[in-house]
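A look at the structure
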Amino acid sequence: AQKVTQAQTEISVVEKEDVTLDCVYETRDTTYYLFWYKQPPSGELVFLIRRNSFDEQNEISGRYSWNFQKSTSSFNFTITASQVVDSAVYFCALSKGTSGSRLTFGEGTQLTVNP
Amino acid sequence: EADIYQTPRYLVIGTGKKITLECSQTMGHDKMYWYQQDPGMELHLIHYSYGVNSTEKGDLSSESTVSRIRTEHFPLTLESARPSHTSQYLCASSEYAGTRSYEQYFGPGTRLTVT
């Protein structure tokens, strides 16, 4: 069975602070995919990144960066110099690599960036 | 930018009414999904489809039904709405190419309130 845990239910920071959102996953598959989605107050989920289990390279996209570590089954997400517009619920998700793209979502982390 | 649409965006309806939530995508994706999400909570898969005339129940038991007569259209129907159906319903789609797993693109959601 697959499981995704986002232990941080809510995080509150002040603008320009760096913030890291944690994600720990469980799977017995050797091939799998990990994702991060952002859900702003409007409700729509916005895809941020996909990472496959064979690619442990960290990735940086602007103020966003992701740290994938298979040894600790973690896929953490860091926002550098946070902005008020980053306020949203962020979901980490996992899918099997061999049976299509059903996603198992974590519980989500509510990030509030205060001015 | 993903092209997936949901209507209505908001719906308030009385108990016992039959409702259909519409979802359409213009990306030619094979796979489509319906998720149920209470505010700020994790997403639960209730239905999915691999293609035309293919529908499957998801991880969360639901009293709703779905159909997939056309690739681009995946409506969800509640025959008799109840207050327990009050929630947000999110539709998503993704490609399906053998063993590869693609990210899901989400619609804006329908916020349903049953009184």
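Just above sits the structure.
First, a word on scope: everything that follows refers to the structure included in this document. (Residues numbered from 1 in each chain as written. Chains lettered and ligands numbered in written order. Predicted model: local features only at pLDDT ≥ 70, side-chain atom pairs only at ≥ 80, totals over all residues. Heavy atoms only, no water.)

Turning next to the packing of aromatic side chains. Residue and element names in this part refer to chain A. As enumerated under the stated definition, the model contains 19 aromatic pairs over all chains in all. Here the aromatic rings of Tyr 37 and Phe 105 are separated by 6.0 Å at their centres, their planes lie at 50°, and the arrangement is tilted. One end of the pair, Tyr 37, is in strand β5 (residues 32–39); the other, Phe 105, is in strand β11 (residues 103–105), and 68 residues separate them in sequence. Across this residue pair, the class does not change: Tyr 37 and Phe 105 are buried. When the centroid spacing of 5.2 Å and the interplanar angle of 90° are considered together, the rings of Tyr 64 and Phe 77 count as edge-to-face. (Phe/Tyr/Trp six-rings, centres within 6.5 Å; stacked < 30°, edge-to-face > 60°. Helix = DSSP H or I, 4+ residues; strand = E, 2+ residues; numbered from the N terminus. Buried < 20%, exposed > 50% of the residue type's maximum accessible area, 1.4 Å probe, protein only.)

On to the pattern of salt bridges, then. Throughout the structure, instances matching the rule amount to 7 salt bridges over all chains. For Arg 63 of chain A, the salt bridge goes to Asp 86 of chain A, with nearest N and O atoms at 2.8 Å. Of this pair, Arg 63 of chain A sits in the loop between β7 (59–61) and β8 (64–69) while Asp 86 of chain A sits in the loop between β9 (74–79) and β10 (88–96); the two residues are 23 residues apart in sequence, bridging distant segments of the chain. The exposure class of Arg 63 of chain A is partly exposed, given its relative accessible area of 24%. The exposure class of Asp 86 of chain A is buried, given its relative accessible area of 1%. The salt bridge partner of Glu 63 of chain B is Arg 82 of chain B, with a shortest N-O separation of 2.6 Å. With Glu 63 of chain B in the loop between β6 (54–57) and β7 (65–66) and Arg 82 of chain B in the loop between β8 (76–78) and β9 (87–94), this pair connects stretches of sequence that are 19 residues apart. Members of the salt-bridge network, linked through shared partners, are Arg 51, Asp 55 and Glu 59 of chain A. (Salt bridge = Lys/Arg side-chain N within 4 Å of Asp/Glu carboxyl O.)

From the geometry alone we can't say anything about function, so treat these as descriptive.
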